[in-house]
Amino acid sequence: MESKIYNYLLDVGCCKYCSLRYLQDRYVDFSNINEYIEKKKLSIIDTEPVIKQHKPNPCCLCLGLLQDSLIEDTVNRIVISEVQKYDSKVFTCSISIPSATILREHAIRLDLRQKFAEFYIDDIEEIPLNKAWKLIIKDKISEKLGINFENSDICNFSINVTMDYADNRQEVSVVKELAEKAKNGDLIGRKSILSILSNCLAHKFHDIVKAPLSIPSVYLTCKQIECKHNSIYMAGRYCKFSRELSQSPWIVDGIKAMETSVEEIIFEQIHKVFGIPQTNLKFSSSGREDCDVRCLGKGRPFYIEILDPKKTVFTYDEFRVLESSINESTLIQVRDLQSVQRSELCKIKEGEQLKTKDYLAVCVTKAAITQEQIDKINNFGEAILEQKTPIRVLHRRPLAVRKKRIFRMEARLVPDKLNLFELSLETEAGTYVKEFVHGDFGRTKPSIGDIIDDEVDIIALDVIAIHLDWPEEIIVPDRNETS
Amino acid sequence: MIQPKIIDSINLHSLNKFLSVSDRYYKHKYCVKFTSKEQNLDQRVSFHTNRICMISLGENHTVMKNNKKILKINCSIDNKINRLLNATSGKGKRGAQKLTENSVLCYIECEDGDIYPVYSCVQGKLLEINEHLISNPNLLITNPVSKGYIALILPTLNLYESIKNSMLDADEYSKI
Ligand SMILES: [Zn+2]
């Protein structure tokens, strides 16, 4: 029976590979099909296929995709130097196939089910076209490139091939007539074709599609070969020493409002040191400080996503080189740079929501501040705030009231300054510190202003510590600690 | 690299005069168009740099000038509208009460029986009425540009400049 089906498929104009695919044997070695054909005694007449092989036509199912000439052409078109831009030692590959093949495979299924009903008792489960393609081509690519093939579920580097079919639009246009009701828009997408076909009765299909398996007049052509590596991530901590520097580019009405930013300084150096285009970099951090707030101590955890990276392995020394070139800037400093796994990134968002922060502020009072008022702050204990979304961010955040805790506060007079005091705080994640100091027109209760019963404003704020133990601290000999 | 101490990281010379939060971050303008011969209904509209408007009473408002005792702030405008029931959701403040320049935000009811309407002055969405005024209406007079503000409004953005330009600057207002 298998031999009958195999030879029937060859007769209607399928290639050997497609003919084998419909035998549904998962264990066909597609890189050596002749051995399989012989072993299974699939060829009835030895001479005939030989004649056919002399004048092969484009296969009426795969449109040539699996046939030797196109496989060879595809392998030839892979540019070794393009692949070698990537440092990957393994590859996977994928194929994008024109949608006309869906229609043709649908037709052959209907046909086989009718002619060989006793063989195809359940649904036909042929080896999918893309899987067969991969099985055929993987060893050939591997041999050419000298790197090993890996399955796509574990491999991060992929060579993606896109095929073009000159007659695709014309062949596929018939699905409009197959649709239950008139549909507008794009009907040649794979999804819409599959859904139309699954709802289309066999006799209707045969009524409308006259010669579904006509011998194609052209082969598929290789339209594009593109290499792509999944994103990788590097993490670290940054300190910000300037009160006139924002974390990310600040764009007002399409124009950059600030000369540079933490993100831009870091990106420029990554570009300079590793040659990675800045457009391939994405910055994320555990919260952010306002541009007039310094971030000191060990700094704020952040990570950078590198899109389509060519270089994926960074050594300890390379990270230290990047650190020192970033740290030539007087505006920021970074530390603990390292590669991190995608699965770790959630920790930074958890940190944003769960970890406490230490701050130091300089506050100014309307009337001269007294030791008595300082004592009131220091004896207050833990404060539980009802904080409405501050007016200064209310235009871009929802209005809400949040309960936030100040775990610790300590105030000190400033020598020779009658109206100033310093304030140390440890706050719950997400507390708006400026508003806790001045009260935001009574919208944060209580505020430092309430506690000392005077008008207070904050004139300087530093983040001293962000209590998130991520990423891991990197031990570097003789690092200058910042205070 | 050793960073300067916080006190040395700022320019203290600019601190000779204490500026309240409202003076530091808001531009004060005055809307005088509701004032008539009989009563002064001047209002202050303070524009935050992010365009949110804070509504309070002008210094020449009859209630302010005469230091009237306020009995209550009434936010039931009519049978349908109660400003205290304003509720918004999301960044876009969906569901906010819509205001025109002439919408009444509330009525100031004084102990002497006089009642004064407070107007929106700007077209936009009501963000909130200051709820502290409900329990302590006299904050309106004692802390007019801080805890005694009346309302916050998100102005209609394409009208923002014209709304702002139609009002008097603080120095123009002080000359009246
Ligand atoms: Zn084929």
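Taking an unreviewed UniProt entry as the reference, chain B is identified by name as Protein Abitram belonging to Pyrocoelia pectoralis. Reading the Sequence similarities (unreviewed entry) entry of the UniProt record for chain B gives the comment "Belongs to the ABITRAM family."

You'll find chain A entered in an unreviewed UniProt entry as tRNA pseudouridine(55) synthase, with Pyrocoelia pectoralis given as the organism.

A. Highlighting the UniProt feature "domain: Pus10-like C-terminal" (unreviewed entry) in chain A. Under the UniProt annotation, "domain: Pus10-like C-terminal" (unreviewed entry) lies at residues 233-466 of chain A. In this annotation, residues 233-466 of chain A is assigned 22% helix and 40% strand; the end-to-end C-alpha distance for the span is 21 Å.

B. Layout of a positive patch on the surface. A surface patch of positive charge is lined by R288, R396, R397 and R402 of chain A together with K91 of chain B. Take R402 of chain A: it is sitting in strand β13 (residues 401-414).

C. Examining the sheet that holds strand β6 (residues 104-110) of chain B more closely. All names here are of chain B. The strand order β4-β6-β7 describes an open sheet built from three strands, whose pairing is antiparallel. The open sheet has two edge strands with one neighbour each: β4 (70-74) and β7 (115-119). Along the sheet, successive strands turn relative to each other by an average axial angle of 20°, direction set aside.

D. The arrangement of the coordination of the zinc ion in detail. All names here are of chain A. The protein atoms donating to the zinc ion are C15 (SG), C18 (SG), C59 (SG) and C62 (SG), with metal-donor distances spanning 2.2 to 2.3 Å. Relative to the metal, the four donor atoms surrounding the zinc ion lie at angles of 104 to 116°, and the coordination shape comes out tetrahedral. Mapped onto the polypeptide sequence, the residues donating to the zinc ion form the spacing pattern C-x2-C-x40-C-x2-C. Of this pair, C15 sits in the loop between α1 (2-12) and α2 (16-21) while C62 sits in the loop between α4 (47-54) and α5 (68-77), and the two are 47 residues apart along the sequence.

E. Summary view of the pairing of strand β10 (residues 332-340) of chain A. Residues and elements named next belong to chain A. With eight of nine residues buried, β10 lies mostly within the body of the structure. As paired strands, strand β5 (residues 232-240) and β10 are joined by seven bridges and run antiparallel to one another. The residue of β10 that forms the bridge with M234 is S339.

What counts, and where the lines are drawn
- Residues numbered from 1 in each chain as written.
- Chains lettered and ligands numbered in written order.
- Predicted model: local features only at pLDDT ≥ 70, side-chain atom pairs only at ≥ 80, totals over all residues.
- Heavy atoms only, no water.
- UniProt positions renumbered as here; feature names shortened; annotations may be inferred.
- Helix = DSSP H or I, 4+ residues; strand = E, 2+ residues; numbered from the N terminus.
- Patch = residues over 30% accessible without salt bridge, like charges linked within 9 Å, V, L, I, M, F, W, Y side chains within 5 Å.
- Areas by Shrake-Rupley, 256 points an atom, 1.4 Å probe, with all protein chains shown as cover.
- Salt bridge = Lys/Arg side-chain N within 4 Å of Asp/Glu carboxyl O.
- Lys, Arg positive; Asp, Glu negative; His and termini not counted.
- Charge placed at Lys NZ, Arg CZ, Asp CG, Glu CD.
- Pairing = 2+ DSSP bridges.
- Axes fitted to C-alpha atoms, helices over the stretch in contact; angles between N-to-C directions.
- Donors = N, O, S within 2.8 Å, 3.2 Å for Na, K, Ca; no water.
- Tetrahedral: all angles 85-135°; square planar, octahedral: opposite > 155°, others 65-115°.
- Buried < 20%, exposed > 50% of the residue type's maximum accessible area, 1.4 Å probe, protein only.

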